[in-house]
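The residues making up each chain are set out below.
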2 protein chains.
Amino acid sequence: MVVATDNFPSSNGRSISPNTIIELEKGDPVVLEKYWRKRSEECSIVIRGWEMMSYIGDAKNKVCWYMLPEVERSIRRLHHVVGNAVTHHRYIVVGTGATQLFQASVFALSPSHPSKPINVLAAAPFYSEYQDEISILRSGLYQWGGDAASYQKNEPYIEVITSPNNPDGFIRGPVVKSEAKGKLIHDLAYYWPHYTPITHQADHDLMLFTFSKCTGHAGSRFGWALVKDIEVAKKMTRYVQLSSIGVSKETQTRVVKILEVVCDGYQNFGSMESELFFEYSKRLLRERWEKLWEVIDESKVFSVAKYSKAFCNFTNESSEPSPGFLWLKCEEGIEDCESYLVEKLKIRGRGGKRFGVDSKYARISMIGTDDDFNEFLKRVSNAKKE
Amino acid sequence: MVVATDNFPSSNGRSISPNTIIELEKGDPVVLEKYWRKRSEECSIVIRGWEMMSYIGDAKNKVCWYMLPEVERSIRRLHHVVGNAVTHHRYIVVGTGATQLFQASVFALSPSHPSKPINVLAAAPFYSEYQDEISILRSGLYQWGGDAASYQKNEPYIEVITSPNNPDGFIRGPVVKSEAKGKLIHDLAYYWPHYTPITHQADHDLMLFTFSKCTGHAGSRFGWALVKDIEVAKKMTRYVQLSSIGVSKETQTRVVKILEVVCDGYQNFGSMESELFFEYSKRLLRERWEKLWEVIDESKVFSVAKYSKAFCNFTNESSEPSPGFLWLKCEEGIEDCESYLVEKLKIRGRGGKRFGVDSKYARISMIGTDDDFNEFLKRVSNAKKE
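Residue indices follow the written sequence of each chain, beginning from 1 at its first position. Going through the entries in the order they are written, you letter the chains from A and number the ligands from 1. Per-residue local features are limited, in this predicted model, to residues with pLDDT of at least 70; the limit for side-chain atom pairs, both in listing and counting, is 80 or more; totals at the level of whole chains, interfaces and linings are taken over all residues. Note that water and hydrogens are dropped before the side-chain values are worked out from all heavy atoms of the structure.

As recorded in an unreviewed UniProt entry, chain A goes by U3 small nucleolar RNA-associated protein 4 and comes from Vigna unguiculata. UniProt positions are given in the numbering used here, feature names are shortened, and annotations may be inferred rather than shown by experiment. According to the UniProt record, the Subunit (unreviewed entry) comment for chain A is "Homodimer." Under the UniProt heading Cofactor (unreviewed entry), the entry covering chain A gives this text: "pyridoxal 5'-phosphate".

Pasting the structure below:
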């Protein structure tokens, strides 16, 4: 299949020169901007000069004292609407992105006075930043232990389960077979209806979510954790306190407004289904994935693993996932997918080695701008002819 | 002197019961709210639903890529107006409060592959959180080395100079006498005209500032660093990236607006001097300090070290500092100032041991609400009669 330029209209009419590098290395979720432009005024926040000057969000909250009470209510309401996670009997801890909370979680689950650092594990391919986040300060409390699937030690460990997985979009469970005592962190950043069917209410001890990948507001730097054990929640809060004395109140104000608009859509009569956030966003992603499969199915250069359908309790229909990333594999003869992409196609992706696997793989963002996505498809489509 | 209740009108008419504990342990800068209420509408920010969704603030900035370009301009303009620090040939790195940037600085100045952790020092009394921030993860790169004044080792070190100092408000310089190579971090959170005379333009390799203590917007979690060496600035940025993938864009938007209003006041004709931010804030703090000295000078229980006058290049007058904290010393017979305060007077302060000195000392916030400050004065005033 040869895809003509006309099939890929630029959303802003900008034509991308063939020599321009397309940046699809980060997972910047700007595809969702289109939805929020339609709801622009309704979602505006106004903050006056004297508002929210204090460090404190809720002096009555004995766990997460820097969180505004309405933030906690919004988060519980969202999970109630979507049905993707249990919030009952859970403490909520908020952070400057799930990135900060991941580190807070590892700190909170690590023994306080270890004889040696506890191993933090994730099954490969794993999120490329975990290793650096764990290793950057050479902590004596914890250390990066590598691929969870090959962990053989009979020592306590922390396993991170990213589900759906970043980079490959698959649903996952714990994989460590060790008889030693393990603690689990569930990173559920992508467990939302636009990315994957909601097959069950997640019910784990420590679950992480992020505003960035839920509504697409990555610039806000906001994440939350649902935590069963109050001592773990308190220790996480202490980490966030020492790391940044809490979380921006301007951000918290915006989170409340955006989540209110999302939830109101579902709970008020008269909303058009096609205009609801998750339905709209799912359609955007599905359209991209459908175009992508057309190109990939014809490609002799790249392949992508297929996903199974599953029934989504939220949308009440069976569908395939439409992950936030494309996990591309180069076919025989191309050993370094990242280099091939950037050198031959001027596409910047993130190579497999960063995710703990072979360099034949590379991750490409599926959630960037229309222009970049369409140009990406065009170049991948043409690549097969070489 | 017996101070009658009537001399201390509550700002909101709330009367504080003698059994209520007054919380003056944190440095929550809500005293400055009064100024921003007067400028409320002028300082409002509006953020629409689709704005600033990206992680990226300025793709062209090769150091601090998550910073909005207008934030950088605002910070340079502010220092230009106040004259408290050199920004020429300096890189700007922003963080989620100076707290995050302090840790980014220590990381950036530490050797990457040390045979043993480098010592981080500060002269006692030092800011109570440095030690925990340095020690929390038991880093192999750096460790808390305690009081800089008693450092004897002939090994590389990092010295933190807090000037004016938290908790005691004095101007400081480096104190380590070691012949080993030392790197310096200047924490200038309180080097603003409302707290202390601006006697010179600070010109150090790495200087930290915070929005919290400058304009009083602690809830925003925003700080900035002025950094001479590009490699240090890049390493700090990498720390912030791994710690929280940047800084809230909502916060950045607010910083731009608030600093614009501050600077416009000084640079536009027709502003009334008494309505300018630093003049107004200085007056608020001076009034508190004057009331305080009246009480302390009469007290047989507490004493406070006196400050010298200095000429302020910004206000063009000679004046005493009016620090953000009161560094209280209990007189003979009271060994634990923090316990005395909370048990006898129901005042929560932070004891000397947290600052690396004797428990005869305690730190009290001077920047809380009018109600709490006035009730504090009343109780301290009455305490002398016991």
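What follows picks up the thread again.
Some words on the overall build of chain A
By definition, any uninterrupted DSSP run of H or I lasting at least four residues is a helix, any uninterrupted run of E lasting at least two residues is a strand, and each is numbered from the N terminus. The helix and strand inventory of chain A stands at 10 helices and 16 strands. The globule rule puts the C-alpha radius of gyration for 386 residues at 21 Å, and the 21 Å found for chain A is close to it. Seen through its C-alpha atoms, chain A measures out along the principal axes to roughly 60 × 55 × 40 Å. A 1.4 Å probe rolled over the protein chains alone gives each residue an accessible area, and that area as a share of the maximum for its type sets the label: buried under 20%, exposed over 50%, partly exposed in between. Relative to its 386 residues, chain A shows a buried fraction of 61%. The size measure is the radius of gyration over C-alpha atoms, and the globule rule it meets is 2.2 Å times the number of residues to the 0.38 power.

Points about the sheet that holds strand E15 (residues 350–351) of chain B
Residue and element names in this part refer to chain B. In this analysis, strands are considered paired if DSSP registers two or more bridges between them. Strand order in the open sheet made by the 4 strands is E10-E13-E16-E15, with antiparallel pairing throughout. Among the strands making up the open sheet, the edge pair consists of strand E10 (302–303) and E15. Alignment of E10 against strand E13 (residues 325–330), held across 2 bridges, turns out to be antiparallel. What sits directly across from serine 303, in E13, is lysine 329. Of the strands in this sheet, E10, E13, E15 and strand E16 (361–365) touch helix H9 (residues 337–344), which is tilted by about 55° from E16. We call two residues contacting when some pair of their heavy atoms lies within 4.5 Å. With axes taken as lines fitted to C-alpha atoms, and helix axes fitted only over the stretch in contact, angles between N-to-C directions fall between 0 and 180 degrees.

Quick notes on the relation of the copies chain A and chain B
Comparison of the two chain copies shows a relationship of rotation about an axis with a shift along it. Superposition of chain A onto chain B requires a rotation of 180° combined with a translation of 0.0 Å along the rotation axis, giving an RMSD of 0.0 Å. Between the two chains, the operation in question is that of a two-fold axis. Taken together, the interface assignments show that 100% of the residues at the interface of chain A recur at the interface of chain B, consistent with an identical surface on both copies. Copy-to-copy superposition: least squares on the C-alpha atoms, limited to residues that have pLDDT of at least 70 in both copies.

Some points on empty space enclosed by the protein
Here a cavity denotes grid points, spaced 1 Å and computed from the protein atoms alone, that fit a 1.4 Å probe unable to get out, and a pocket denotes an open set having protein on both sides within 12 Å along at least 5 of 7 lines; residues with an atom within 4 Å of a point are the lining. Grid points are joined across faces, edges and corners, and a volume is the space filled by probe spheres set on the points. In this structure the tally under the stated criterion is 7 cavities of 30 Å³ or more. Space inside the largest cavity adds up to approximately 90 Å³. Considering the residues around the largest cavity, the lining is formed by Gln103, Ile136, Leu137, Tyr239, Leu242 and Ser243 of chain A together with Gln103, Ile136, Leu137, Tyr239, Leu242 and Ser243 of chain B. For the lining of the largest cavity, the elements supplying multiple residues, two or more each, are helix H6 (230–244) of chain A together with helix H6 (230–244) of chain B. Amino acid classes used here: Ala, Val, Leu, Ile, Met, Phe, Trp, Tyr, Cys and Pro are nonpolar; Asp, Glu, Lys and Arg are charged; the rest, including Gly, are polar. Among the residues making up the lining of the largest cavity, the classes are represented as 8 nonpolar, 4 polar and no charged. Reported here for the second largest cavity is a volume of approximately 70 Å³. Along the walls of the second largest cavity sit Pro164, Asn165, Asn166, Pro167, Gly169, Tyr190, Tyr195, Thr196, Pro321, Pro323, Gly324 and Phe325 of chain B, which together make up its complete lining. Across the lining of the second largest cavity, the residue classes tally to 7 nonpolar, 5 polar and no charged. Boundaries between domains were set according to an automatic or database domain assignment. Three or more residues apiece are contributed to the lining of the second largest cavity by two domains, here domain 1 (22–34 + 277–382) and domain 2 (69–265) of chain B.

A closer look at the pairing of strand E3 (residues 91–95) of chain B
Taken residue by residue, a regular strand's side chains alternate between the two faces of the sheet. Residue and element names in this part refer to chain B. A large share of E3 lies buried, amounting to 4 of its 5 residues. Taken together, the 5 bridges between E3 and strand E9 (residues 223–227) define a ladder with antiparallel strand orientation. Note that in E9 the partner of glycine 95 across the bridge is glycine 223.

A closer look at unusual backbone geometry
Here the residue pair alanine 124 of chain A and proline 125 of chain A is connected by a cis peptide bond, since its omega of -5° sits within 30 degrees of zero. With respect to the helices and strands, proline 125 of chain A occurs in the loop between strand E4 (118–122) and helix H4 (130–135). Cis geometry is adopted by the peptide bond preceding proline 164 of chain A, which originates at serine 163 of chain A and carries an omega value of -10°. Secondary-structure assignment places proline 164 of chain A in the loop between strand E6 (157–162) and strand E7 (182–187). The phi torsion at asparagine 316 of chain A lies on the positive side, around 60°, for a residue other than glycine. Residue classification places asparagine 316 of chain A among the exposed positions, given a relative accessible area of 56%. Here isoleucine 245 of chain B, not a glycine, exhibits a phi torsion of approximately 45°, which is positive.

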